[in-house]
Amino acid sequence: MTDDHARDGVPDDVPGAAPDDEGFELLPGRPEFIDAVFDTFGEETVELETLGGGAVRLIGFERGDAMSVVTVGLHRVPLSKGEAVELVCDAPKDAVGAALVTLGIAVERLVHSRRAPESRRPWINEVPYLEGTKISAMVVDERDVATVRDAAGALLGRLRRVVLLTNVEARFVAEHGLDALPGGPDALRDVERDDLVGTKELQVPDVPCLVSSLLDDRPARWIEVDLEGRFVALSLDEDEEFLDEIDNFAIWSVRTLIEKNPSLREFVLTAVPGDCARLTDDGWLSGRQAGFVGTEELLEDEVSQPSDG
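So, here's what we can say about the structure.

Scoring rules and cut-offs
Residues numbered from 1 in each chain as written. Predicted model: local features only at pLDDT ≥ 70, side-chain atom pairs only at ≥ 80, totals over all residues. Heavy atoms only, no water. Helix = DSSP H or I, 4+ residues; strand = E, 2+ residues; numbered from the N terminus. Buried < 20%, exposed > 50% of the residue type's maximum accessible area, 1.4 Å probe, protein only. Areas by Shrake-Rupley, 256 points an atom, 1.4 Å probe, with all protein chains shown as cover. Phe/Tyr/Trp six-rings, centres within 6.5 Å; stacked < 30°, edge-to-face > 60°. Pairing = 2+ DSSP bridges. Expected span 1.5 Å × (residues − 1). Contact = heavy atoms within 4.5 Å. Core = buried A, V, L, I, M, F, W, Y, C linked by side-chain atoms within 4.5 Å. Axes fitted to C-alpha atoms, helices over the stretch in contact; angles between N-to-C directions. Polar contact = N/O pair within 3.5 Å; in protein donor to acceptor, adjacent residues only side chain to side chain. Salt bridge = Lys/Arg side-chain N within 4 Å of Asp/Glu carboxyl O.

For the protein, the helix and strand inventory stands at seven helices and 15 strands. Burial statistics for the protein: of 309 residues in total, 46% are counted as buried. For the protein, the computed accessible surface area is about 15,400 Å², with 47% contributed by carbon and sulfur atoms.

This is the structure:
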């Protein structure tokens, strides 16, 4: 259907929320952003919903069996890093809710961080944010949907496409870029898809892991990722007294841990904060937990090498 008010501006008196939860004034709206949206997608629109108390509108443009959902008004959020932006997300028409949820999350993160999203830096959620799917991450396409310029040709900002990803895909994109993902746009719009790539195509990250000193000469039998995304590995031969002594721990690279415990590779490449795994007679059993070993002061240290013992 056609929305006769689709080109109307957005209200100028709706405050946003800064990172410290203090209000901030939205920048004045620029008609060039609205023109760029309609010049790119056409005039036939579907009004969907509003975000931020009406500060940001979501409108849809039907494109065959798919719909492009676009923000209008997001460019007015003052940013500390990056250029002003409006975001686009594509989804099948019968699953357009996926685009609405995705843009809702993206808008909230931009408002609270006051930073424009960067390509090849996916946002990864702890668990899938679309119920019944593996979609747990998103990233902006490296290619602009459109650039926005004033009458003199000066750059005002950009239209950027947000792409839905699984956990494994997001890690692949961080290494290789979005264009390296197989399948093309149709595959990326399928919210019920399985991973488009496998963990064998990923590198083990060079990040720190807090390890028990007992792992110098015995295998790991427990690993967890705390709520800050930090790895902790134990042998499970540690008693409570051992765990209470910070000198009984060291910092390794996760790559060193995998070299000594190759069977942990799959967990390390797929785990998100809150995941844990225990080695049983039948192999690694993974799950989620609420409590973690305290790691704050140690993980600020340099990564150390295991002893030769």
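Structurally, A146 is set in strand β8 (residues 135–149). For A146, a relative accessible area of 14% corresponds to the buried category. In this structure the C-alpha to C-alpha distance between A146 and R158, which are twelve residues apart in sequence, comes to 5.9 Å.

What follows concerns the packing of aromatic side chains. Summed over the entire model, instances satisfying the criterion amount to three aromatic pairs. Judged by centre distance (5.2 Å) and plane angle (25 degrees), the ring pair of F41 and F61 falls under stacked. Of this pair, F41 sits in helix α1 (residues 31–41) while F61 sits in strand β4 (residues 56–63), placing them 20 residues apart in sequence. One aromatic cluster in this structure is built from F38, F41 and F61.

What follows covers the pairing of strand β11 (residues 222–225). Neither face of β11 is open: one carries W222 and E224, the other I223 and V225, and all of them are buried. In the sheet, β11 pairs with strand β12 (residues 231–234) via four bridges, with the strands oriented antiparallel. The residue of β12 that forms the bridge with I223 is A233. As judged from the three bridges shared by β11 and strand β14 (residues 275–280), these two strands associate in the antiparallel manner. Paired with W222 across the bridge in β14 is R278.

The end-to-end C-alpha distance of helix α2 (residues 96–113) is 26 Å, a good match for the 26 Å that 18 residues give at a rise of 1.5 Å each. Within α2 the residues assigned to the buried category are V96, A98, A99, L100, T102, L103, A106, V107, L110 and V111. R114 sits one or two positions beyond α2 and adopts a positive phi of about 55 degrees.

Below, the discussion takes up the side chain of S136. Along the polypeptide, S136 turns up in strand β8. Note on S136: relative accessible area 4%, which makes it buried. Among all residues touching S136, those that are not within four sequence positions of it are W123, I124, N125, V127, P128, Y129, L165, T166 and N167.

The phi angle of most residues is negative, glycine excepted, and most peptide bonds adopt the trans form. Of note, R114 is a non-glycine position whose phi angle comes to about 55 degrees, a positive value. Mapped onto the fold, R114 is located in the loop between α2 and β7 (123–124).

Membership of the largest hydrophobic core comes to 34 residues, with the highest contact counts inside it found for V69, L74 and L164. Among the elements that line this core, the one with the most residues is α2, at nine residues. Apart from residues no more than four positions distant in its own chain, L74 is found in contact with V56, V85, E86, L87, V107 and L110. Listed in part, the 18 residues of the second largest apolar core include I223, A233, V254 and V268.

Attention shifts here to the pairing of strand β15 (residues 283–288). Of the strand pairs in this sheet, β14 and β15 are connected by six bridges, and their pairing is antiparallel. Opposite D275, over in β15, you have R288 as the bridge partner.

Another point: the sheet that holds β7. Strand order across the open sheet formed by seven strands is β3-β4-β5-β6-β9-β8-β7, with mixed pairing between neighbours. What marks the edges here is a single partner per strand, and that holds for β3 (46–51) and β7. Sheet strands touched by α2: β3, β4, β5 (66–72), β6 (84–92), β7, β8 and β9 (155–166). Its angle to β6, the strand with the most contacts, is close to 160 degrees. Helix α3 (residues 167–176) rests against β7, β8 and β9 of the sheet, and its axis sits at about 135 degrees to β9.

The subject of this paragraph is the side chain of R57. Within the secondary structure, R57 is located in strand β4. A polar atom in the side chain of R57 sits 3.0 Å from the side chain of E47.

So, about the pattern of salt bridges. What the rule picks out here adds up to 19 salt bridges. Residue R161 is joined to D90 by a salt bridge in which the shortest nitrogen-to-oxygen separation is 2.7 Å. With R161 in strand β9 and D90 in strand β6, this pair connects stretches of sequence that are 71 residues apart. When its relative accessible area of 22% is taken as the criterion, R161 is described as partly exposed. Relative accessible area serves as the criterion here: at 14%, D90 is assigned to the buried category. Across the salt bridge formed by D194 and K134, the nearest N and O atoms sit 2.9 Å from each other. Taken together, the residues span a long stretch of sequence, with D194 in the loop between α4 (184–189) and β10 (208–212) and K134 in the loop between β7 and β8 at a distance of 60 residues. For K134, a relative accessible area of 36% translates into the label partly exposed.

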